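# Examining the three-dimensional arrangement
Each chain, written out:
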Amino acid sequence: MRVTVELTYDMSKALGTDHFEVEDVATVKELIAKARERVGPTFEEHTRLAAVAVNGVLTSHAKGLGTRLADGDRVSFVKAAAGG
Amino acid sequence: MIKGYAGRVLEVDLTKQTFVFKPLDEDIARLYVGGKGYATRLLYDETEAGIDPLGPDNLLIFATGPLNGSVAPQSNRFSVVTKSPLTGGIGNATCGGSFSLGMKKAGIDVLVVRGRSEKPVRLEIDGDESQVSFLDASDLWGKGTYETQESLGKKKYHAVIGQAGENLVRFAGIVSNERIAGRTGTGAVMGSKKLKAISVRGKRKLEMEDPEAFKEYTKHIRELFRDHPMLGQKLKDFGTGGIVMTTNGRNILPTRNFQRGHFDGAIKLSGEWMHDHELTGVKSSCIHCPVTCGRDVEVEGKGRVKGPEYETLAMLGSNLEIGDIKKVNEWNYLADDYGMDSISLGVVLSFAMELSDKGMLDSKLKFGDPSGVSELIGDIAHRRGLGDDLAEGVKRMSQAFGGHEFAMHVKGLELSAYDPRGSYAQGVEYATTNRGGDHTQGASMYMESTGPLTIDPHSLKLKAELPVMQQNLMCTINSMVLCMFTTYGMIPKQVHGMSPSSYAHKLAVMAFENSGPALRFIIKKRPKGKPMLWFEKWLTYITGQTFSTGHIQEIGARIFNLERMYNLREGLTGQDDTLPPRLLHEPTFKHLQSGHPLDKLLPRYYDLRGWDQDGVPLRDTLEELRVAV
């Protein structure tokens with residue numbers, strides 16, 4: 001099973017890529033643990049104000065960290081922003 | 001005269017080449033404030049039903065409000081109101097730049113343009129001398145908005161059209177400096193009158209009821225905005241493009257003519273990417289605005305020009321599956337210079353690409369392929385070849401070529417860049433907004449999908465209440481006239497600082513989601529009290545009248561209902577309060593089987609508005625709001 005992780009802009013700058021893939025994760029909690037390993041010590045700083053969305057749906061509107069993942073899912077870290 | 005107003009309405013008749021200064025109607029000003037509200041009242045009262053939007057009987061009304069001409073942040077905007085050549089209903093747009101300040105310095109609250117000139121003409125208005133000159137504009141006809149403004153000089157304030165307006169492109173706009181009154185085709189109306197440019201000058205100063213209180217309070221608000229995470233930081237650093245990664249992550253970034261809500265190449269269209277790779281370091285702002293959301297980029301052969309906003313990045317980028325920011329920069333420049341709405345432009349291009357893709361249009365246009373697009377934009381502005389078809393807008397194109405189910409418009413106005421399948425309240429706003437599918441007459445996406453405190457966008461909770469309140473608020477904001485960005489300041493700094501995973505944030509979201517009874521009370525009762533928010537206080541200090549949240553909601557509801565009555569008079573009905581079939585029936589979220597649930601929300605929305613189930617305001621509603629029809 002493979003899940004794509006989309007990063008915030010500042011994370012992508014630090015890592016040199018805007019996304020990476022993780023395998024064999026059943027829940028958002030497991031995915032975050034793997035993402036933390038991959039990003040390193042700056043993970044908390046980069047994601048403190050970011051919400052987590054699975055295929056566009058915030059985990060807070062699903063089952064939180066227990067939200068289950070399926071093959072091909074896209075998990076994004078998103079920050080508040082305003083357009084016009 | 002109420003303070004905050006210049007006290008004059010200038011009426012210009014282009015057919016007779018005459019003008020008259022009239023006193024501002026204080027009763028209308030009290031009921032409708034100014035800007036869009038005042039101008040809508042005039043359009044309703046002074047035009048016959050069924051007129052041709054591009055004929056001499058249509059009025060083109062430029063209107064300011066009591067905040068314009070002051071130093072209140074985000075207050076240098078004017079409204080333009082007319083019958084829309086795109087929708088056949090109410091047309092309006094607001095614009096930053098400097099023209100609004102010019103009008104107030106010239107001592108003009110409202111400028112009404114009637115009739116049609118035989119030859120290209122421009123107006124020079126000297127407010128101090130109360131004179132209007134009708135000048136031959138043949139030498140400017142055929143020129144872009146930038147060159148036109150340069151030719152007119154820097155000693156006056158200008159509103160101009162480009163080639164798109166001259167050639168009656170139905171989504172042409174009116175430009176002041178590098179800003180545009182983009183939506184609903186106001187520029188085509190100006191072009192139909194053969195009016196190339198309006199220049200104003202004067203030395204009048206705005207009179208206020210309590211200038212000292214205004215000055216002190218504005219100083220405080222300016223500091224508050226500077227320190228605000230959205231107004232003083234994110235928008236300042238990254239412009240509106242700073243939202244691209246958020247809408248993409250939330251699956252609402254229009255992609256491939258709204259076939260999807262996610263674009264793999266979004267990062268290179270983002271405000272952050274622009275900041276790091278494209279910006280020249282020069283920012284631009286409307287006068288007295290501390291946000292400075294504008295930013296300049298380099299375009300080959302054109303030099304340093306205004307960079308694209310979020311809507312343009314999405315509609316000329318992801319929506320065409322183009323991830324090349326330099327192309328978007330160039331097309332944005334072309335749209336501004338020709339004087340056309342880049343939102344509608346992006347949607348007519350994506351519609352044409354999908355028609356080509358499906359074999360319904362004989363063209364070489366392809367999603368993801370920028371070749372030929374620059375030339376086609378020029379063809380649209382000049383109505384050449386295929387460009388002539390695209391200049392008609394998506395609704396008319398779909399009538400000619402088919403593709404109704406993926407023609408992305410409401411009432412004829414092409415949709416903005418927030419896919420409502422991931423923002424249900426925004427979808428209700430698109431469907432019901434009187435000028436058509438648009439995000440600036442109700443911006444609930446900020447509370448559902450992009451802001452720091454978002455409720456579940458797929459729950460039906462608050463999805464009728466938020467649109468009513470938002471539309472009312474924006475009607476009044478557009479009548480003061482203020483920039484919609486001011487509303488972003490309503491969520492305090494402290495909320496922006498909460499981690500979305502924190503307990504405090506969860507509690508705040510829960511409180512918001514359960515605010516239905518309070519919102520319904522405000523909508524129905526509109527309780528009047530003391531001014532609390534900054535724009536309520538500004539209005540109070542300037543005019544001497546009291547404005548509170550209840551007043552703002554009531555005035556907004558009055559304007560919204562008048563717009564609705566105008567639309568009904570012009571033949572639009574509740575049947576037009578809908579969304580494109582693609583948005584209703586094609587799901588873009590993995591856990592959902594269909595699109596936007598408009599049928600479940602519209603009856604609730606109508607009920608809250610005090611309308612019948614055909615979308616017609618009840619007599620009691622109109623009487624209560626004092627909407628004379």
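Treat the numbers as computed from the prediction; the structure is a model and nothing was measured.

## Digging into the overall build of chain B
When helices and strands are counted, chain B shows 27 helices and 17 strands. The C-alpha atoms of chain B give a radius of gyration of 23 Å, which matches the 25 Å a tight globule of 629 residues would have. Along the first, second and third principal axes, the C-alpha atoms of chain B reach 65 × 55 × 50 Å. By residue count, 67% of the 629 residues in chain B fall in the buried class. Accessible surface computed for chain B: about 21000 Å², of which carbon and sulfur atoms make up 50%. Within chain B, one finds 77 positive and 77 negative side-chain charges whose respective centroids are separated by 3 Å.

## Notes on the interface of chain B and chain A
Listed as interface residues are 44 residues of chain B and, on the opposing side, 29 residues of chain A. When the two sides are added together, the surface that chain B and chain A hide from each other amounts to roughly 2500 Å², 55% of it contributed by carbon and sulfur. Along the contact surface separating chain B from chain A lie 2 salt bridges. Between chain B and chain A we count 15 residue pairs in polar contact (both at pLDDT 80 or more) in total. Those elements that provide at least two residues to the side of chain B that touches chain A are α8 (229-238), α9 (244-249), α10 (271-277) and α18 (445-450) of chain B.

## Remarks on the pairing of strand β5 (residues 74-79) of chain A
Consecutive side chains along a regular strand alternate between the two faces of the sheet. All names here are of chain A. For β5, the tally of buried residues reaches 5 of 6 residues, placing the bulk of the element in the interior. Pairing geometry for strand β3 (residues 50-54) and β5, over 5 bridges, is antiparallel. Across the sheet, residue Ala-53 finds its bridge partner in β5, namely Ser-76.

## So, the pattern of salt bridges
Residues and elements named next belong to chain B. All told, the structure shown has 49 salt bridges over all chains when counted by the stated rule. For Glu-465, the salt bridge goes to Arg-520, with nearest N and O atoms at 2.6 Å. Remark: Arg-520 occurs in helix α22 (residues 516-525) and Glu-465 occurs in helix α19 (residues 465-480); sequence separation between them is 55 residues. Judged by relative accessible area, Glu-465 falls into the buried class, the value being 4%. Judged by its relative accessible area of 34%, Arg-520 is partly exposed. Taken together, the salt bridges that share partners define one network made up of Arg-526, Lys-528, Glu-554, Arg-558 and Glu-624.

## Details of the packing of aromatic side chains
Residues and elements named next belong to chain B. Counted under the stated rule, the structure contains 17 aromatic pairs over all chains. Ring centres of Phe-19 and Phe-21 lie 6.1 Å apart, and the angle between their planes is 85 degrees; on these two criteria the pair is classed as edge-to-face. Note on Tyr-606 and Trp-611: the rings are 5.9 Å apart at their centroids and 40 degrees apart in plane angle, and the pair reads as tilted. As far as burial versus exposure is concerned, Tyr-606 and Trp-611 are alike and both buried.

## A few points about the sheet that holds strand β4 (residues 78-83) of chain B
Sheet strands associate in pairs through backbone hydrogen bonding, adopting either a parallel or an antiparallel arrangement. Residue and element names in this part refer to chain B. Reading across from one edge, β2-β1-β6-β3-β4-β5 is the order of the 6 strands in this open sheet, with mixed pairing throughout. What marks the edges here is a single partner per strand, and that holds for β2 (18-23) and β5 (90-95). On average, adjacent strands in this sheet sit at an angle of 15 degrees to one another, irrespective of strand direction. Note that strand β3 (residues 60-63) and strand β6 (residues 110-114) share 4 bridges and pair antiparallel. Residue pairing across strands places Leu-60 opposite Val-113, the latter belonging to β6. Sitting on the sheet, helix α2 (residues 35-46) is in contact with β1 (8-13), β3, β4, β5 and β6, with an inclination near 20 degrees to β4.

## Structural notes on a negative patch on the surface
Among the surface-exposed residues, Glu-209, Asp-210, Glu-212 and Glu-216 of chain B lie close enough to one another that they form a single negatively charged patch. Secondary-structure assignment places Glu-209 of chain B in the loop between β12 (195-201) and α7 (211-226).

## Things to note about the packing of helix α17 (residues 424-432) of chain B against helix α26 (residues 598-609) of chain B
All names here are of chain B. It is at 10 Å that the axes of α17 and α26 come closest, and there the two elements cross at 65 degrees. Relative to α26, α17 is oriented roughly perpendicular. As for how α17 packs across α26, the hand of that crossing is right-handed. Every residue of α26 that contacts α17 at Tyr-424, Val-428, Ala-431 and Thr-432 is listed here: Leu-598, Leu-601, Leu-602 and Tyr-605. Classifying every residue of the contact of α17 with α26 gives 7 nonpolar, 1 polar and no charged.

## Observations regarding unusual backbone geometry
Residues and elements named next belong to chain B. Backbone torsion omega between Met-480 and Val-481 reads 5 degrees, so that peptide bond is classified as cis. By the secondary structure assignment, Val-481 is in the loop between α19 and α20 (493-496). Its identity as a non-glycine residue notwithstanding, Arg-626 has a phi of 60 degrees, on the positive side. Following the sequence through the fold, Arg-626 ends up in the segment after α27 (619-625). Assessed through its relative accessible area of 56%, Arg-626 is described here as exposed.

## Quick notes on the state of the cysteines
All names here are of chain B. Counted according to the given criterion, the structure contains 0 disulfides over all chains. With no disulfide of its own, Cys-289 lies 6.2 Å from the sulfur of Cys-286, the closest cysteine sulfur. With no disulfide partner, Cys-483 has as its closest neighbouring cysteine sulfur the one in Cys-289, 6.4 Å distant.

## Notes on helix α23 (residues 534-543) of chain B
Residues and elements named next belong to chain B. When you tally the buried positions in α23, you get 8 out of 10 residues, the bulk of the element. Restricting attention to buried positions, one finds in α23 the residues Trp-534, Phe-535, Glu-536, Trp-538, Leu-539, Thr-540, Ile-542 and Thr-543. Contact partners of the buried residues in α23: α7, α19 and α24 (549-569). Following α23 by one or two positions, Gly-544 has its phi on the positive side, about 85 degrees.

So, how was this worked out
Residues numbered from 1 in each chain as written. Chains lettered and ligands numbered in written order. Predicted model: local features only at pLDDT ≥ 70, side-chain atom pairs only at ≥ 80, totals over all residues. Heavy atoms only, no water. Helix = DSSP H or I, 4+ residues; strand = E, 2+ residues; numbered from the N terminus. Rg over C-alpha atoms; globule rule 2.2 N^0.38 Å. Buried < 20%, exposed > 50% of the residue type's maximum accessible area, 1.4 Å probe, protein only. Areas by Shrake-Rupley, 256 points an atom, 1.4 Å probe, with all protein chains shown as cover. Lys, Arg positive; Asp, Glu negative; His and termini not counted. Charge placed at Lys NZ, Arg CZ, Asp CG, Glu CD. Contact = heavy atoms within 4.5 Å. Buried area = accessible area lost by both parts, 1.4 Å probe. Salt bridge = Lys/Arg side-chain N within 4 Å of Asp/Glu carboxyl O. Polar contact = N/O pair within 3.5 Å; in protein donor to acceptor, adjacent residues only side chain to side chain. Pairing = 2+ DSSP bridges. Phe/Tyr/Trp six-rings, centres within 6.5 Å; stacked < 30°, edge-to-face > 60°. Axes fitted to C-alpha atoms, helices over the stretch in contact; angles between N-to-C directions. Patch = residues over 30% accessible without salt bridge, like charges linked within 9 Å, V, L, I, M, F, W, Y side chains within 5 Å. Parallel < 35°, antiparallel > 145°, perpendicular 65-115°, else oblique. Left-handed = near helix turned anticlockwise from the far one by under 90°. Nonpolar A, V, L, I, M, F, W, Y, C, P; charged D, E, K, R; others polar. Disulfide = S-S within 2.5 Å.

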